[in-house]
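Structure at a glance
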There are 2 protein chains.
Amino acid sequence: MDYAPILNNIAKYVTLTEEEEIYFTSFLHYKKVKRKQYLLEAGDINTKISFVTNGCLRSYAIDKNGGEHVLQFAPVGWWIVDMRSLLNHEPARLNIDAIEETELLYILKPDLDALQLKYPKFERFGRMLAENAMATYQHRQIDNMILSAMERYSNFCTLYPSLILSLPQKQVASYIGVTPEFLSKMLNTVVVK
Amino acid sequence: MDYAPILNNIAKYVTLTEEEEIYFTSFLHYKKVKRKQYLLEAGDINTKISFVTNGCLRSYAIDKNGGEHVLQFAPVGWWIVDMRSLLNHEPARLNIDAIEETELLYILKPDLDALQLKYPKFERFGRMLAENAMATYQHRQIDNMILSAMERYSNFCTLYPSLILSLPQKQVASYIGVTPEFLSKMLNTVVVK
DNA sequence: GGTAATTGTTAATGTAGATTAAGGGATTTA
DNA sequence: TAAATCCCTTAATCTACATTAACAATTACC
């Protein structure tokens, strides 16, 4: 098993000793999910936090008419979780599935708790990861409050440059909060002269 | 100075020793802000994290037409910050001001950093606070993706029961993402028969 | 205590984006 | 390799909510 990608991710925040690395990786589980296969279904309890090493996951919620609304994409190097479900053992509101065949490493919440109690460095890592996620969600919310659909599309291209090429347009539309029909019109109605 | 409210807030997550309490409170600053007075202006660097002990603060962003959009209210017992500005020393996108005369305690980022390095318990507290905030923002985002204006209003009443009575309706409208005119119409168009 | 500013309401009109529908092209999958 | 599914586009119609405006009722503050 190649743990380099996940260890590199952690190394952005804290420097682990060899002992800590070994202890940490002993808790990791490997999983491969096929296209469209669920990692988490709304209603279930989210018990793990996952790190993508290959492929791409997405989290989304479903409205009362059955429409899908993408909260997040997780390409290689991203973490994904329904945090409220993980923290409070509540049924998840999010579905997580694979956009394409995807490989990931995950750690179970009880193991993560034990890890953080034993090595404060993982408290520190967890804090920084959560702080960054919070900052990202704060500014996503601001974007949604004050930007137009076109500006949100531009932001998307900056945030996920690797995805804009590979992702079906309807997934992008779902993320920025418009219908696929509207996104198509928006992108094809070039402002001429 | 009465540090009981902020220490009780921390005690929800971790149990401090007397030494840790004394060290922590030695970093706290007290501030009183009048109605409409700024604690943070967009464009400035957010250098502190604030805890409200009396009154109520709000954070909001301004769109290109000058319209205000409320991200968060912080009544007694809540924390408030522009996290991206704090973490990356970037200019804040949020304004923070007081809805009414407000008293607060704040800690500067460098002092918090020192505190967390010295006592891992504050890493733990910071992690939990950030995780909870992240979970809240995740689900706020989901709400905005899949709920109607009326449902978002109901959620608001549940989230901020103390505010729904004291807050001007236009502030509520700004938080749930509609105009004051629309909220007024929505609440007064009672479904009869 | 009086004037100014803020707030809530109603109503007419405007608009960004949704919905519905339909056709053709590309990808899956059996 | 064929059938089925998925994807993108265009266009007509529709709707939730914004905008503008005007007035009365509060509330803040000099």
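Residues numbered from 1 in each chain as written. Chains lettered and ligands numbered in written order. Predicted model: local features only at pLDDT ≥ 70, side-chain atom pairs only at ≥ 80, totals over all residues. Heavy atoms only, no water.

Before going further, it helps to spend a moment on the overall build of chain A. Across its full length, chain A holds nine helices and eight strands. For chain A, the spread of C-alpha atoms along the principal axes amounts to about 65 × 35 × 30 Å. Here chain A, with 193 residues, has 50% of them falling under the buried criterion. Counting only contacts in chain A whose residues sit at least 6 apart along the sequence, the fraction spanning at least 24 positions is 69%. As presented, chain A carries roughly 9500 Å² of accessible surface, and 54% of it is formed by carbon and sulfur atoms. (Helix = DSSP H or I, 4+ residues; strand = E, 2+ residues; numbered from the N terminus. Buried < 20%, exposed > 50% of the residue type's maximum accessible area, 1.4 Å probe, protein only. Contact = heavy atoms within 4.5 Å. Areas by Shrake-Rupley, 256 points an atom, 1.4 Å probe, with all protein chains shown as cover.)

For DNA strand D, the set of nearby residues contains 14 residues, the closest of which are K36, Q169, K170 and S184 of chain A together with T179 of chain B. Backbone sugar and phosphate groups make up 77% of those atoms of DNA strand D lying within 4 Å of the protein. Between DNA strand D and K36 of chain A, the relevant distance is 3.3 Å, taken from a phosphate oxygen to a side-chain nitrogen or oxygen of the residue. Between DNA strand D and the protein, one listed contact pairs a phosphate oxygen with a side-chain N or O atom of K170 of chain A at 3.3 Å. Classifying every residue of the surface near DNA strand D gives three nonpolar, five polar and six charged. (Near = heavy atom within 4 Å. Polar contact = N/O pair within 3.5 Å; in protein donor to acceptor, adjacent residues only side chain to side chain. Nonpolar A, V, L, I, M, F, W, Y, C, P; charged D, E, K, R; others polar.)

Right, let's talk about the packing of helix α1 (residues 4-11) of chain B against helix α2 (residues 18-25) of chain B for a bit. Residues and elements named next belong to chain B. Packing of α1 against α2 brings their axes to within 12 Å, and their N-to-C directions diverge by 125 degrees. On the basis of the axis angle, α1 is oblique to α2. The two elements α1 and α2 cross, and the hand of that crossing is right-handed. Contacts from I6, L7 and I10 in α1 reach E21, F24 and T25 in α2. Looking at side-chain class alone, the contact of α1 with α2 contains four nonpolar, one polar and one charged residues. (Axes fitted to C-alpha atoms, helices over the stretch in contact; angles between N-to-C directions. Parallel < 35°, antiparallel > 145°, perpendicular 65-115°, else oblique. Left-handed = near helix turned anticlockwise from the far one by under 90°.)

Residue and element names in this part refer to chain A. Read from one edge of the open sheet, four strands run β1-β8-β3-β6, paired in antiparallel fashion. Looking at strand neighbours, the two that pair on one side only are β1 (29-33) and β6 (79-80), the edges of this open sheet. Bridge count for β1 against strand β8 (residues 102-108) is five bridges, and the pairing is antiparallel. Bridge assignment links K32 to a residue of β8, and that residue is E103. The strands that helix α4 (residues 109-118) touches are β1, β3 (48-54) and β8; relative to β8, the one it contacts most, it runs at about 60 degrees. (Pairing = 2+ DSSP bridges.)

Packed helices, taken two at a time, are described by the angle between their axes plus the distance between the axes. All names here are of chain A. Running from N to C, helix α6 (residues 149-159) and helix α9 (residues 180-188) cross one another at 85 degrees; their axes reach a closest spacing of 11 Å. For the element pair α6 / α9, the angle class is roughly perpendicular. Residues A149, M150 and Y153 of α6 form the contact with α9, whose participating residues are F182, L183, M186 and L187. In terms of residue class, the contact of α6 with α9 is made up of seven nonpolar, no polar and no charged.

So, about the packing of aromatic side chains. Within the structure shown, the criterion is met by 28 aromatic pairs over all chains. Ring geometry for F156 of chain B against Y160 of chain B: centres 5.1 Å apart, planes inclined by 50 degrees, an arrangement best described as tilted. For F156 of chain B, a relative accessible area of 1% corresponds to the buried category. Grouped by ring-pair contacts, the aromatic residues Y23, F24, F27, Y119 and F122 of chain A constitute a single cluster. When the ring centre of Y60 of chain A is taken as reference, the NZ or CZ atom of R58 of chain A above it lies at 4.0 Å. Note that R140 of chain B overlies the ring of Y175 of chain B, its terminal NZ or CZ placed 4.0 Å from the centroid. (Phe/Tyr/Trp six-rings, centres within 6.5 Å; stacked < 30°, edge-to-face > 60°. Lys NZ or Arg CZ within 6 Å of the ring centre and 35° of its normal.)

In short, the description is geometric, and any link to function would need to be established separately.
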